[in-house]
Amino acid sequence: INFGHGQLVVLAPIVILLSAAAGVPVWLAFLLGFAALLLAALVTEVVAIRPFVQSGSAVSWILSTFGVSIVLTEILAIPAGGEATYFPFGIPSTPFTFLGVRVSWADLATLPVLLLVAAALLVFYRKTRVGRELRAVGQDVRGAEALGISRARASQITVLISAIIAAITGYLVASSQILMPNLGIFFLFYGFVAVSMGGMNSVPGAVIGGVVVGLVSQAAAVYIGPLFGNLAVFVLLVLVYVVRPHGIFGSRPVREV
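Note that the structure is a prediction, hence the values are computed from the model and not measured. (Residues numbered from 1 in each chain as written. Predicted model: local features only at pLDDT ≥ 70, side-chain atom pairs only at ≥ 80, totals over all residues. Heavy atoms only, no water.)

**Things to note about empty space enclosed by the protein**
Here the idea is plain: a probe the size of a water molecule rolls over the atoms and shows the empty space left. Inclusion rule: Put simply, the grid is 1 Å and covers the protein atoms alone, a cavity is a trapped set of points that fit a 1.4 Å probe, a pocket is an open set with protein on both sides within 12 Å along at least five of seven lines, and lining residues have an atom within 4 Å of a point. Grid points are joined across faces, edges and corners, and a volume is the space filled by probe spheres set on the points. For the purposes of this entry, the term helix denotes a DSSP run of H or I that reaches at least four residues, the term strand denotes a run of E that reaches at least two, and both are numbered from the N terminus. Three residue categories are used. Nonpolar comprises Ala, Val, Leu, Ile, Met, Phe, Trp, Tyr, Cys and Pro, charged comprises Asp, Glu, Lys and Arg, and polar comprises the others, including Gly.
A complete count under the given rule lists one cavity of 30 Å³ or more for this structure. Roughly 40 Å³ of volume is contained in the largest cavity. Every residue along the wall of the largest cavity is listed here: Val130, Glu133, Leu134, Ile149, Ser150, Arg153, Ala154 and Ile157. Put simply, the parts of the chain that give the lining of the largest cavity at least two residues each are helix H5 (129-139) and helix H7 (151-176). Taken together, the residues of the lining of the largest cavity break down into five nonpolar, one polar and two charged.

**A short note on the environment of Ile62**
As a reminder, the rule being used: Here the term buried applies to any residue with accessible area under 20% of the maximum for its type, exposed to any over 50%, and partly exposed to those in between, with areas from a 1.4 Å probe on protein chains only. Any two residues whose heavy atoms approach within 4.5 Å are treated as being in contact.
Structurally, the position occupied by Ile62 is in helix H3 (residues 58-80). Of the residues examined, Ile62 reaches a relative accessible area of 27% and is grouped as partly exposed. Sequence spacing of Ile62 and Lys127 is 65 residues, and the spatial spacing of their C-alpha atoms is 29 Å. Excluding residues that lie within four positions of it along the chain, Ile62 makes contacts with Ile1 and Phe3.

**Some words on the nonpolar core**
Let me state the cut-off plainly: The set of buried Ala, Val, Leu, Ile, Met, Phe, Trp, Tyr and Cys residues whose side-chain atoms join them within 4.5 Å is what this entry labels a nonpolar core.
Judged by nonpolar contacts, the single largest core of 26 residues is most densely connected at Leu8, Leu11, Leu37, Phe87 and Leu179. Contributions of two or more residues to this core are made by helix H1 (5-21), helix H2 (26-55), H3 and H7. Among the elements that take part in this core, H1 stands out by supplying nine residues, more than any other. Those residues in contact with Leu11 that lie beyond four places of it in its chain are Ala36, Leu37, Ala40 and Leu76. With eight residues, the next largest nonpolar core counts Tyr190, Ala194, Val213 and Leu237 among its residues.

Structure below.
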């Protein structure tokens, strides 16, 4: 669990904007944005994740990555001045009517991209040797190390995969949202709730949990009031935890002695 991931989502678009504003060609600005994202992810892994993964303390790295989120928020606010910014290099966000609903191409692109990324993750984790090694580390670190799997290498690979997903997500977010330095915290909140609801060890559960969270928050905002979106999501999360403590599609961890 990386509570700095939300800020990684908005890091690349903001770096792209700053680079383009400084006169850098757009294609190079995209490369610089992705490079900055990878660098920030690797630094986070070395400073805030790896020491605590090696000690086996989950609470410690949760708190340390949350600290990373705060630091990144403050750093991104310096050049942006804390102001909202429009991202002109994304998918067109001009609204139009589709099946009676006002949407944009940026909105329509989100779901198929999400499904492609989820499918790629499923294939990677289930069909490749590296993916199976990462699952082994996630289930039992000491048992995986006994088989010769490096937890440090697994941590690095996981962070790099999450950085690639953050880059894709950031481009979709920047295409449909006004960029702000603290926008990542908003997505972190909904992302954590979605994954918790769907199941921490289930990629399909995370996808379905995200769709449910989006529908519930929007329905509550429309039919109850704009201030009730977050409340409705938390109430739903509590109800799911009461019935299914490991999430709707999550599975109870099993240990054999």
